[in-house]
Amino acid sequence: MKDHSFAIEGSGASTRLVFSPNFNVAVPYIDRHVAEGRGAKIAIRSDQAQVTYAELAANVNRAGNLLQELGLRRGDRMLMVVKDCPAFFYLFWGAIKAGVVPVPLNTLLRASDYAYMIEDSACQAFIYSPEFAAEAEPALTIVKRKPPEILKVEGEAQTFLSMMASVSDVLAPYPAGAEEECFWLYSSGSTGRPKGAVHRQRDIPVTAHHYGVATLGIRENDIFFSAAKLFFAYGLGNAMTFPLHVGAEAVLLEPRPTPDSTFAIIAKYKPTLYFGVPTLYAAQLQAMEQTKADLASIRYCVSAGEALPGDILRRWKEKTGLDILDGIGSTEALHIFIANRPGDIKAGTSGKLVQGYEARIVDDSGQIAKMGDSGKLHIRGPSTAAYYWNQPEKTKETMLADDWLNTGDTYIKDEQGYFHYCGRTDDMLKVGGIWCSPFEIEAKLVEHPKVLEAAIVGRADADGLVKPEAWIVLKQGVAGEPAIEEELKAHCKGGLAPYKYPRWFHFVAELPKTATGKIQRFKLRT
Ligand code: 3UK
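Keep in mind it's a predicted model, so treat the numbers as computed, not measured.

K.L.:
I'd love a proper account of the side chain of Thr107, names of residues and values included.
P.N.:
For Thr107, the position within the fold is in the loop between strand 6 (101-104) and helix 4 (111-121). Apart from the residues lying within four places of it in its own chain, the contact partners of Thr107 are Val81, Val82, Lys83, Tyr114, Phe132 and Phe231.

Laid out in structure tokens, this is it:
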């Protein structure tokens, strides 16, 4: 087998990918397209840029060379807080090609989150888009050990892009292997800090083939548009690894996705595949009551990140004629492992198992649950993360014996093989498809001088989408009036990622607790 290549063996549920012993995933995803004559084809398009496959390959080599010149070595981590733009591709793939481990971070986080990740990863480089300087730069003043290389992607003076211009555009791929560590993604936990999920080289082609090609039917003439950003495993697949897997075009939107900005991009660049999250589909539906949206180019819409209420799917179909394919994925699995698919949709479910993955539903005693009974969902497949960096306990709870992954979700499988989502096994919430830890919001609330205690639970809004709801015990003598709600909302927005503030407040005399003083969130969730 040729170096840096893979083959697909078997068929149906037993399909598997086989890799050459020397395998650096940057070669089939970047260099191969030039070798196969796709050099002049557009790889990335946005309002700000247009990049061909040949330009992409040259810039990936420059980025990799620059990282090496800056002193980064095999296995060193490079943290990146980078917006959706071509430089994201250069950094991510340049690092991989040079043997460096890229770690894309959620760009909506706050200085204290970045400071934690800088220290936890002991990264060698920290690179950020100037748009995120207000949170990225203070993070660097908090940390005990500053990363040796700190660079802005672009802007004034010396930046990663300006330095890249003067280095060679030729770079030999670092000899790796399919099982070798490749990149990390941080995932939030219900307790404690985020965990760095360590992904291998093979995980990228595995997800792109099993979900992208075999389930969704992606192909070379597709144009991909993901409202979910590249820093999110969902967006990383949708807008980068999937198009690069088949030599297709990725359309990027730099600013925050809104109904207006996404409709404008769709009308202008005519994507054939559109990837969103339930909250955005709901907002787009609402916007379509006033404005007309031209979605004629789209073959399929995909939803993930949190459960898609069946009603949103039906209203979307009625309004646009298009199906939304809901699927569940995770940072640890890298992409979607249970999905609705073209021609096989059951509204209100996550669909059926994606080829290449196995699933089991386990009851409280650890036995396989009876058909139709709910239980913990475990999955197994060749794209699951190897371990969590520096967190042996969390690794043991999640990465189980025989390569099973504990998803933390409760599911029922029905007789036709559709999986019905029943909630989390922990207290974690998904808001707009992004993790939200109740503990983190509670900790922020009790920092406020008027708050004695706080509990956060998820409550569904009118569209069936979960948002944080706060139950608060105020300090003695403080009255629970509407002005305090605004004060507490502003307080949360000041110190937490913007989607994490409570949408509803209840002021109560006490919170339900166990004999040992633990808040019983389930009692508030009625
Ligand atoms: C929840 C869903 C019901 C579920 C993701 C697609 O969401 C992704 O990754 P995260 O690590 O979160 C994983 C958790 O989110 N979830 C996601 N999708 C659904 N629940 N229905 C869904 N369709 O709790 C899961 O354990 O942020 C999604 C691709 C890649 C991803 N990383």
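Once you've had a look at it, read on.
K.L.:
Any details on the sheet that holds strand 20 (residues 387-388)? Residues and values, ideally.
P.N.:
The strand order across the open sheet formed by three strands is 9-10-20, and the pairing between neighbours is antiparallel. Looking at which strands have only one partner, the edges of the open sheet turn out to be strand 9 (181-187) and strand 20. Here strand 9 runs beside strand 10 (residues 195-200); their pairing, made up of six bridges, is antiparallel. From the neighbouring strand, Trp184 faces strand 10, where its bridge partner is Val198.

K.L.:
An account of the domain arrangement of the protein chain is requested, with residue identities and associated values reported.
P.N.:
Split by domain assignment, the protein chain resolves into domain 1 (6-41 + 52-201), domain 2 (206-356 + 382-401) and domain 3 (428-524). A C-alpha centroid distance of 30 Å is found between domain 2 and domain 3. Roughly 780 Å² of surface becomes buried between domain 2 and domain 3 when both sides are summed, with 57% attributable to carbon and sulfur atoms. Summed over the shared surface of domain 2 and domain 3, the result is one salt bridge. Two residues, Asp463 and Arg315, come together in a salt bridge whose shortest N-O distance is 3.5 Å. Along the contact surface separating domain 2 from domain 3 lie three residue pairs in polar contact (both at pLDDT 80 or more). Counting only elements with at least two residues in the side of domain 2 that touches domain 3, the list comes to helix 10 (278-287) and helix 11 (310-320). Broken down by element, the side of domain 2 that touches domain 3 gets its largest block of residues, three residues, from helix 10.

K.L.:
Give a description of the packing of aromatic side chains that names residues and reports values.
P.N.:
Under the counting rule described, the total for this entry stands at 21 aromatic pairs. Centroid distance Phe337 to Tyr357: 6.4 Å. Interplanar angle 50°. Geometry classified as tilted. Of this pair, Phe337 sits in strand 16 (residues 336-339) while Tyr357 sits in the loop between strand 17 (352-353) and strand 18 (358-362), and the two are 20 residues apart along the sequence. Here Phe337 matches Tyr357 in class, with each residue buried. Taken together, the aromatic side chains of Tyr29, Phe88, Phe92, Trp93 and Phe183 make up a single cluster linked through ring pairs. Here the basic side chain of Lys430 rests over the ring of Trp435, its NZ or CZ set 4.7 Å away from the ring centre. Residue placement shows Arg503 over the ring face of Tyr501; its charged tip is 4.1 Å from the ring centre.

K.L.:
Go over the packing of helix 2 (residues 53-69) against helix 3 (residues 86-98), please, and point to the residues and values.
P.N.:
Two elements in contact, helix 2 and helix 3, have axes whose closest approach is 7 Å; the angle formed by their N-to-C orientations is 60°. Taken as a pair, helix 2 and helix 3 cross one another with a handedness that is right-handed. For the pair formed by helix 2 and helix 3, the contact residues are Leu56, Asn59, Val60, Asn61, Ala63, Gly64, Leu67 and Gln68 on the first element and Phe89, Tyr90, Leu91, Trp93, Gly94, Ala95, Lys97 and Ala98 on the second. Taken together, the residues of the contact of helix 2 with helix 3 sort by class into ten nonpolar, five polar and one charged.

K.L.:
Break down the nonpolar core for me, with residues and values.
P.N.:
Note on soluble globular proteins: their nonpolar side chains tend to be buried together. Counting 119 residues, the largest nonpolar core has Leu56, Met78, Phe89, Phe92 and Trp93 as its most contacted members. Take this core: its biggest share by element is nine residues, from helix 3. The residues that make up this core include at least three from each of domain 1 (6-41 + 52-201) and domain 2 (206-356 + 382-401). For Leu56, the contacting residues outside a window of four places in its chain are Ile30, Ala43, Ile44, Val51, Phe89, Tyr90 and Leu244. Ranked by size, the runner-up nonpolar core spans 43 residues in total, among them Val101, Tyr114, Ile118 and Leu445.

K.L.:
Mind laying out helix 14 (residues 482-495), listing which residues take part and the relevant values?
P.N.:
An ideal rise of 1.5 Å per residue puts 20 Å on 14 residues; helix 14 measures up with 21 Å between its terminal C-alpha atoms. Of the residues making up helix 14, those classed as buried are Ile484, Leu488, Lys489, His491 and Cys492. One side of helix 14 carries all its buried residues, which in axial view fall inside an arc of 160°. In this structure, helix 14 carries Pro482 and Gly494 as exposed residues pointing more than 90 degrees from its buried face. Of the surrounding elements, those touching the buried residues of helix 14 are helix 13 (438-446), strand 25 (451-460), strand 26 (466-474) and strand 27 (504-507).

K.L.:
With reference to specific residues and values, describe the site of the ligand.
P.N.:
Lining the immediate environment of the ligand, one finds 24 residues, of which Asp326, Gly327, Thr331, Asp409 and Lys430 sit closest. Contact distances for the ligand include 2.5 Å between an oxygen atom and a side-chain N or O atom of Asp409. A distance of 2.9 Å separates an oxygen atom of the ligand from a polar atom in the side chain of Lys430. Alone, the ligand offers 610 Å² of accessible surface; in the complex the protein occludes 99% of this. Among the secondary structure elements, those contributing two or more residues to the shell around the ligand are helix 8 (233-246), strand 15 (324-329), strand 21 (405-413) and strand 22 (419-424). The leading source of residues in the shell around the ligand is strand 15, at four residues. Counted by class, the shell around the ligand contains eleven nonpolar, eight polar and five charged residues.

Rules behind the numbers
Here the residue index of a chain counts from 1 through its sequence in written order. For this predicted model, a pLDDT threshold of at least 70 governs which residues receive local features, and a threshold of 80 or more governs which side-chain atom pairs are given and counted, while totals over whole chains, interfaces and linings are taken from all residues. To get the side-chain values, all heavy atoms of the structure are used, and hydrogens and water are removed first. Numbered from the N terminus, helices here are DSSP runs of H or I no shorter than four residues, and strands are runs of E no shorter than two. Should any heavy atoms of two residues lie within 4.5 Å, those residues are considered in contact. A pair of strands counts as paired when DSSP detects no fewer than two bridges linking them. Residue ranges for the domains trace back to a domain assignment, done automatically or taken from a database. Defined in terms of a 1.4 Å probe, buried area is the accessible area two parts forfeit on being brought together, summed over both. Definition used for salt bridges: Asp or Glu carboxyl oxygen within 4 Å of a side-chain nitrogen of Lys or Arg. The term polar contact refers here to a pair of N or O atoms within 3.5 Å; inside protein, the definition further demands a hydrogen-donor-capable atom paired with an acceptor-capable atom, and it admits residues adjacent in sequence only when both atoms are side-chain atoms. Each aromatic pair joins two rings of Phe, Tyr and Trp (for Trp, the six-membered one) with centres within 6.5 Å, and gets the label stacked for planes under 30 degrees apart, edge-to-face for over 60, and tilted for any other angle. Three exposure classes are used, based on accessible area relative to the maximum for each residue type with a 1.4 Å probe and protein chains only: buried under 20%, partly exposed in between, and exposed over 50%. Only lysine NZ and arginine CZ atoms are considered, and such an atom sits over a ring when it is within 6 Å of the ring centre and within 35 degrees of the ring normal. Note on definitions: angles span 0 to 180 degrees between N-to-C directions of axes, and those axes are lines fitted to C-alpha atoms, for helices only across the stretch in contact. It is the rotation of the near helix from the far one that decides the hand of a crossing: anticlockwise by less than a right angle makes it left-handed, clockwise makes it right-handed. Just so you know the grouping, Ala, Val, Leu, Ile, Met, Phe, Trp, Tyr, Cys and Pro go in nonpolar, Asp, Glu, Lys and Arg go in charged, and all remaining residues, Gly too, go in polar. We define the nonpolar core as a collection of buried residues of types Ala, Val, Leu, Ile, Met, Phe, Trp, Tyr and Cys that are connected through side-chain atoms lying within 4.5 Å of one another. A helix's residues, less one, multiplied by 1.5 Å, set its expected span. An arc is given here, and it is the one of the directions from the helix axis to the C-beta atoms. Here, proximity means that at least one heavy atom of the residue falls within 4 Å of the molecule or strand. All accessible-area figures derive from a Shrake-Rupley calculation using a 1.4 Å probe, and residue coverage is judged against the displayed protein chains alone.

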